[in-house]
Each structure stands twice: as structure tokens, then as C-alpha cells.
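Fold and contact review
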Amino acid sequence: MTGESGRVISALPGGRPFGDRSGVLDELGQRLEERGPGWLEVHLPSLVRRLGRDQPWTQARLPVRQGVVDARRLRLCDAAAAVLLDRAMELGTGAPWLVQLYSRGDAEERRMILRSLPFVEADEVAPVLMEEAHRTNDQVIFEAGLLDSDLPALLLDGDAYRRAVLRTAFLDLRAARLLGLERRADPELSRMLLEFMSEREAADRPVWPDTLPVCALAPVAGVVPKVAGDLWHGRDVRRRQAARAAARLQDPWLADRIRERLEVERDPVVRELLEATP
Amino acid sequence: MSTATRSSPVTRIFEPHAHMFSRVTDDYQRMAAAGVKVILEPAFWLGQPRTSVGTFIDYFDTLVGWERFRAAQFGIHHLCTMALNPREANDDRVNGGVLEILPRYLEKNSVVGVGEIGLDDMTEKEERFFEAQIALAIEHDLPLLVHTPHRNKVRGFMRCLEIVKSSGIPMDRVLMDHGNEETVRITRDTGVWQGFSIYPFTKMEPGRMVEILKEHGTERMMINSACDWGVSDPLSVPKTAEMMLAGGFSEDDVDRVVWGNPVAFFARMGRTSEEELLAPPVADRTETFGGNTVLRGQDPGFEDIPGDR
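Since the structure is predicted, the reported quantities are computational estimates derived from the model, not experimental observations.

**Re empty space enclosed by the protein**
All names here are of chain A. All chains considered together, the criterion is met by four cavities of 30 Å³ or more. Taken as a whole, the largest cavity spans an internal volume of roughly 120 Å³. As for the largest cavity, its lining consists of 18 residues, and the residues nearest its centre are R115, P118, L147, D148 and S149. Elements with a contribution of two residues or more to the lining of the largest cavity: α7 (107-116), α9 (139-146) and α10 (151-155). A breakdown of the residues in the lining of the largest cavity according to their chemical character gives 12 nonpolar, two polar and four charged. In this structure, the second largest cavity encloses a volume near 40 Å³. If you trace the second largest cavity, you find it lined by M197, V207, W208, P209, T211, L212, D230, V237, R238 and Q241. Only α14 (211-215) and α16 (236-249) provide two or more residues apiece to the lining of the second largest cavity. Broken down by element, the lining of the second largest cavity gets its largest block of residues, three residues, from α16. Classifying every residue of the lining of the second largest cavity by side-chain character gives six nonpolar, two polar and two charged.

Encoded structure:
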């Protein structure tokens, strides 16, 4: 691949990131050069069957352009799409072309485009596409657009970001996949998550396990008592999350509750978390 | 007649013709419980005429987008064929415009054929757009799913065959659907594949289907429910499979008709494979397969704790 789109490949781990599929990618790149971005508009879906869906990388925090991605979630076809889309935009389409491509794409194309966003120069349209991914009921697309990179944390405004976190909770996906969350957590988000927690408890339905640790990043009224209460919850997972939140809060009153709990706690994971809390 | 259950020997079904756009999610549940692993949904009309190309775009997008996700929630692979259907080929508000947008859909991964194309009222316009879409199928290396008329069935079948033959497309890439006792005698020795829609009152019934299979064998034969917004049964295929067993067919024979034949026909051009269709339609294989199960965040604040969830 000529041009600055080599930057996508250079960001990927390994000297030859596409391995034995490198030849396939080179061939596709050649067709893009010869026939222009219009060719990619039709043939983008073929990347899935030509490059495949394997996820070969193991880096949980891969530095890219201005942030990080969890490369373990990246499929070969996603990375190939990033290479070709980057080159197509260099050839003159510009970033707005991605929005049109997305609107015409099937689920796989949309997923590839969304996974490409952290790698390519498309910040002017990335929030629009992330909002589209948020609106869909297709969870796979939501994950591709809002999780596994810190691009949402970097680019979304406060309201959009909070709604993305709430949806993540609603879908019972892990907070660990919201890269950069610690920079964007705020009191309003904590209030939203506490309300959601109450709603679930009132319906006798499972609570998002990451609620209290996330709220502890920007505590509001109700967080500390909830944490204290959950230190005595019957389920190990709730006590573990409460212990994690307590470690983050470092509240003096909570410290007494921790000491009380340690006198009776039997779960080794909870004990370890509580004992490590200053 | 009972439906196939998990105790039934019929454990895998490829439903090659179901209009899930018009069906409720309960149908997916029931089909999954009856052993359906794959559904193929042909693009068709929607009950009343569409008036703009934009509505086709939204409909096509649903077939390659939302329906795939909806089906996957029940462990079912959703595939489709794309086309301007024969009825709306007569409608100048949409026919030309749809032909223009079709090519980009024919490269989508879940699009495994061009269809439903063919004839409905057997008009000149229907024939023109039938021929044009056969040409697209040849260009995009895709098989045909041919809708044959529900009136003038024999004459319609013969005219469809004439058009297909004159196009030059290999006959083994053609599925002639909605067949019956008369049409099977026309198509049997032509090399085309034959589909039969087990659809109450207007098309085929399970008992008749079993007799057809007894007389003509299982080679290149498929059955489907063609379930849509009419009175139709999404479980027609598993029910007919059970009737085949009761009628003396072996499990291998049944598997050939309800699984092997549709897989062979629709997977032949490489858009999918039997291996892919036998695996669960999950989005991220690292969540399910053992190859890389340690998906933990590095942020110690949110590190997954073993045993949680």
C-alpha cells in the first residue's frame, strides 16, 4: 500500500500483521488504486470472506493515532477495512464519504467501518457514526462503535457519552470495555447509574455489576451507603464490586464498614480487595 | 402431526424460503426449537405496492441488517437473496431504480443468490426484468431463486425455463420454486433444482410432498414453508420432514432434502459454507471459543474478577 495509509499497518502489532493474508490485502489495495473508492463502495463486504473474521492480536491496549484500542477484539477484516478506508479517504473522498458508506452498509460493513474509526482520520464524522451505532438495536454494532477503544471517550460530548455508558449497563456489557471511562465519569453519570440500579432492584432483576465501581469514580449522594450495603450482599459478585468501589472511594466512614466486614468475610477475592484498601 | 423436537432425528434444517420480515419473533423461537439452523429470506413484495426506490433500500437493508441480528438471537443464521420481484417489475415507479441499486447488494456477505425473480402475471415487463436480473446473477456469480406463477402454473414454469435456458446460466445454478406434481415432470431432467412450498390451500401439502419425493427421489429437491403475512406455517418444513420419516424415508434422505440440498445449492458460490452454517451465529468468536477467553481489561479498576457474572 502506498501513501500514508501505511500508518494503519504500522500501528498494528507484528512485522507482518496480516500474515499469510497480506497478499490478499495487497491485491485489494491495488484494485482500489486502479478503480478508485467507488470500487470499495461495492466490494467492502467482500473483506469478510477474503480476509476472514479471525482475531489474531493479543494487545489489550494498542496505541493508535490518538488513543488506544483493545486489539483482541479486532478481526482481520476490520483491520483490512481500516487500511483500505484510510487509503480511499486519501484518494479524495474525505471523511463524510464514510457516513454514506455506513448508511449503505450491511451489519458486517458497519461493524468494519466502526472498528476502523480509531485508526483513520475521520474525527469530524466519528461522533455521527457512533451515534448511529448507539441507536441501533443490533448489539454487535453498538459494541463495534462504542466499546473497545477510547475514541468515544475522546470525541463524544457529555450527554452522548453518558448515554453510551448507560446503554452498556443496560446490555450488561462490562465497563472494562469502555476505554477511557475514568476520564469521563462525572456526577451526572453516577446519578443515572444509581437510578438504573434502583430500577433493576425494584423489578427484582440483576443489577449491572460495574455500577458501584463506576459511580465511585465521581461519587454522589447515595453511592457510599450503597457500597456499604453491598459489602453485606449475599452474592459474591456484588460484594466484590462493592469492595472495588470502596477502594476507589477511600471514605473514612466506609473504612469502618470495611473493618466490620473483614471480621466475617469468607470470599478470598473480597478479602484481598478489602485488605488492600488503605 | 407433531413438530420436530429435540428428541427427533431431524436435528438440522435449512429453511430455504421464509419471509421473516412479515413474521413475529415468536416464529424464530418456534423454528429454532424445531431444529431450524438456517433461514433464507428472498426479497419480495410487501403486500401492497411500494411507491419509491427508497422503500426498497430500507427493506433490503433490513434483510442484510436487522433480520440477521434478530435471527441470531435464536441461534439461526439468516441469509437472503436480493431482487426486484416479478410483481413490482411491472411498476415503473420503482422497477428501473431498483435495478440500479441492486448490484451493491449482490456483493453483501449474506446475499447468496438473486431472487425472487421470475414471472407473476407473465407480462412483457416481467420478462424484461427477469432477463436483466439473470444477467446480474451471472455477473456476480450467484444462483437464481425463481418464483413461478401461482396461476397458469405449467405455462409459467415452461416460460421461466425458456428464459433461463436462453440466458446461458448453468442450469444447476437455478432453483425453480413453488413446484407441484405437474411441474416436477417438466423440470426433473433439466438439471435445475426444484423447490416446493408447503403452504396451506394455495400451494403444496405435506402428504402430497411425500408422494412427490417417493416418485421422483430426493436429488436436487428442496422444501420450504414460504411463510409470509398470509395464512402460512413456519414449521412446514420440520412437519414435512417428520412425515417423510413416517412415510418410510431414511434419516439420510430427510437430511438431504432439508439440509444437504439447500446447503449445496446456496453455499456453492462461496458466500457461505456448511462449516459456517453449522457453527453458532455468534458475533465475536473469542467470546465463545476457547482460543482466547481471557478478555480482561488492563485497568485495575475494572479488571474482571474470575467467577463474576
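**What to know about the pairing of strand β8 (residues 221-224) of chain B**
Residues and elements named next belong to chain B. The side-chain alternation of β8 yields two buried faces, one formed by M221 and I223 and the other by M222 and N224. Here strand β7 (residues 193-197) runs beside β8; their pairing, made up of four bridges, is parallel. Pairing of G195 across the sheet is with M222, part of β8. You can see the chain leave β7, run along helix α8 (residues 206-216) and come back into β8, and the turn it takes is right-handed.

**Structural notes on the sheet that holds strand β1 (residues 13-15) of chain B**
Residue and element names in this part refer to chain B. Here eight strands make up an open sheet; going across it, the order is β1-β2-β3-β4-β5-β6-β7-β8 and the pairing parallel. Looking at the sheet topology across the chains shown, the edges are occupied by β1 and β8. Strand-to-strand twist of the sheet, defined as the mean angle between neighbouring strand axes without regard to direction, takes the value 25°. Across five bridges, strand β2 (residues 36-42) lies against strand β3 (residues 77-82) in parallel orientation. Each residue of the ladder has a partner; that of I39, found in β3, is H78. Each of β5 (144-147) and β6 (174-176) touches helix α6 (residues 153-167); the most contacted strand, β6, lies at about 170° to it. In the packing of α8 onto the sheet, contacts are made with β7 and β8, and the angle to β8 comes to roughly 175°.

**As for the environment of B:H77**
All names here are of chain B. Looking at the secondary structure, you find H77 in strand β3. H77 sits in the buried class, given a relative accessible area of 12%. A distance of 3.5 Å separates the side chain of H77 from the backbone oxygen of L277, its partner in a polar contact. Of the polar contacts made by the side chain of H77, one reaches the backbone oxygen of A279; its length is 2.6 Å.

Conventions adopted
Residues numbered from 1 in each chain as written. Chains lettered and ligands numbered in written order. Predicted model: local features only at pLDDT ≥ 70, side-chain atom pairs only at ≥ 80, totals over all residues. Heavy atoms only, no water. 1 Å grid on protein atoms, 1.4 Å probe; cavity = no way out; pocket = protein on both sides within 12 Å on 5 of 7 lines; lining within 4 Å. Points joined across faces, edges and corners; volume = space filled by probe spheres on them. Helix = DSSP H or I, 4+ residues; strand = E, 2+ residues; numbered from the N terminus. Nonpolar A, V, L, I, M, F, W, Y, C, P; charged D, E, K, R; others polar. Buried < 20%, exposed > 50% of the residue type's maximum accessible area, 1.4 Å probe, protein only. Pairing = 2+ DSSP bridges. Right-handed = clockwise from strand over helix to strand, strands pointing away. Axes fitted to C-alpha atoms, helices over the stretch in contact; angles between N-to-C directions. Contact = heavy atoms within 4.5 Å. Polar contact = N/O pair within 3.5 Å; in protein donor to acceptor, adjacent residues only side chain to side chain.

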